[in-house]
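Summary of structural features
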Amino acid sequence: MLLGVNIDHVATLRNARGGVEPNVVECAKLCILNGADSITTHLREDRRHIKDEDVKLIRKELNTKLNLEMAMTDEMQSIALSVMPDAVCIVPEKRQELTTEGGLDIAGQLERGKNFVKPLVEKGIEVSLFIDPDKKQVQAAYETGAQFIELHTGTYSNTFGTDKEKQSFEDLKTAAEFAQSLGLKVNAGHGLNYENVDRMHEISGLYELNIGHSIIARSISVGLPQAVKEMKDLVK
Ligand code: PXP
């Protein structure tokens, strides 16, 4: 199973001060140097974290797989066709949400989906649709011509350790198996962390996990001792 690291929240922190620190491209390089198989960025319509320039710089400076998460809009399609990431993941987007809440309703907009996916696939970009583990959505994703789906693991993550975990995990497994039977490759992500990630090994053939928040959050805990020591040396 491969690991894609979502670095959106490096940009969230940078934007809090409006400067250049932490440097998004340098952090992307650190992820790759330490075993990440790809870098994921979500270019949101409101540009609240990742900016257009970040995506372009990562594409230019890193010789690694770039996965661009984006909404199904004309603007995003034209950015993808110009930046040419290796992969795009089409996500639903609401301005008010804190993060991507729920999967894309591709079954409810299948014709639009097909038209959106086609030029991307024709240009050689891997296309993935971020959907809930629901057979109807998997079937529709397949019909768009996309090669991948990414299963939204938010419900599994939220129910982990509760009596609802069994069902939410089964939903993921069933959806993954159905997608694979159609020939789709299956990724997963959202809310995965150092405790709940292990069960992803129980879903056979999962291709890649995309994980952001828990990695960036943990990097503060594990990186803080070093950061303080270095400053203390300079100050004392
Ligand atoms: N996959 C997709 C499609 C997402 O939208 C997100 C959140 O941006 C993630 C994975 C990563 O989720 P998290 O930050 O909770 O690990």
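Residues numbered from 1 in each chain as written. Predicted model: local features only at pLDDT ≥ 70, side-chain atom pairs only at ≥ 80, totals over all residues. Heavy atoms only, no water.

**Concerning a nonpolar patch on the surface**
A cluster of nonpolar residues, Ile220, Leu224 and Val228, forms a patch on the protein surface that exposes about 280 Å² of accessible area. Mapped onto the elements, Val228 comes out in helix α9 (residues 213–235). (Patch = residues over 30% accessible without salt bridge, like charges linked within 9 Å, V, L, I, M, F, W, Y side chains within 5 Å. Areas by Shrake-Rupley, 256 points an atom, 1.4 Å probe, with all protein chains shown as cover. Salt bridge = Lys/Arg side-chain N within 4 Å of Asp/Glu carboxyl O. Helix = DSSP H or I, 4+ residues; strand = E, 2+ residues; numbered from the N terminus.)

**As for the pattern of salt bridges**
Inspection of every chain in the model, using the stated rule, returns 15 salt bridges. Close ionic contact of Asp54 with Arg14 constitutes a salt bridge, the shortest N to O distance being 2.7 Å. Linking Asp54 in helix α3 (residues 52–61) with Arg14 in helix α1 (residues 8–17), this pair joins segments that are 40 residues apart in sequence. Grouping residues by exposure puts Asp54 and Arg14 together as buried. A salt bridge links Glu202 to Arg199; its shortest N-O distance comes to 3.0 Å. Looking at Arg199, the relative accessible area reads 21%, which means it is partly exposed. Through salt bridges with shared partners, a single ionic network connects Glu26, Lys29 and Glu61. (Buried < 20%, exposed > 50% of the residue type's maximum accessible area, 1.4 Å probe, protein only.)

**A closer look at the environment of Pro133**
In this structure, Pro133 sits in the loop between β5 (126–131) and α6 (135–144). Taking the C-alpha atoms as reference, Pro133 lies 20 Å from Gly4; in sequence the two are 129 residues apart.

**Here's the deal with the side chain of Thr64**
Considering the arrangement of structural elements, one finds Thr64 in the loop between α3 and β3 (65–70). Exposure remark for Thr64: the relative accessible area of 15% places this residue in the buried category.

**Comments concerning the pairing of strand β4 (residues 87–90)**
In β4, alternate side chains face the same way, and those of Ala87 and Cys89 on one face and Val88 and Ile90 on the other are all buried. Bridge count for β3 against β4 is 4 bridges, and the pairing is parallel. Pairing of Asn67 across the sheet is with Ala87, part of β4. Viewed along the sheet, the connection from β3 through helix α4 (residues 74–83) into β4 turns out right-handed. (Pairing = 2+ DSSP bridges. Right-handed = clockwise from strand over helix to strand, strands pointing away.)

**Observations concerning empty space enclosed by the protein**
One pass over the full model with this rule turns up 2 cavities of 30 Å³ or more. Looking at the largest cavity, its volume works out to about 60 Å³. As for the largest cavity, its lining consists of 13 residues, and the residues nearest its centre are Lys65, Asn67, Ala87, Ser128 and Asn187. If you list the elements that add at least two residues to the lining of the largest cavity, you get β3, β4, β5, β6 (148–152) and β8 (208–211). (1 Å grid on protein atoms, 1.4 Å probe; cavity = no way out; pocket = protein on both sides within 12 Å on 5 of 7 lines; lining within 4 Å. Points joined across faces, edges and corners; volume = space filled by probe spheres on them.)

**Structural notes on the site of the ligand**
Lining the immediate surroundings of the ligand are 14 residues, of which Glu69, Glu150, Gly191, Gly212 and His213 lie closest. Contact between the ligand and Gly212: an oxygen atom at 2.8 Å from a main-chain N or O atom of the residue. When the free accessible area of the ligand is taken as 390 Å², the share hidden by the protein chains comes to 94%. Considered class by class, the residues forming the shell around the ligand number 3 nonpolar, 8 polar and 3 charged. (Near = heavy atom within 4 Å. Polar contact = N/O pair within 3.5 Å; in protein donor to acceptor, adjacent residues only side chain to side chain. Nonpolar A, V, L, I, M, F, W, Y, C, P; charged D, E, K, R; others polar.)

**Observations concerning the pairing of β3**
Burial within β3 is extensive, with 6 of its 6 residues counted as buried. The two faces of β3 match: Lys65, Asn67 and Glu69 on one face and Leu66, Leu68 and Met70 on the other face are all buried. In the sheet, strand β2 (residues 38–42) pairs with β3 via 5 bridges, with the strands oriented parallel. Looking at the pairing, Thr40 lines up with Asn67 of β3. On the question of chirality, the crossover connecting β2 to the parallel β3 by way of α3 is right-handed.

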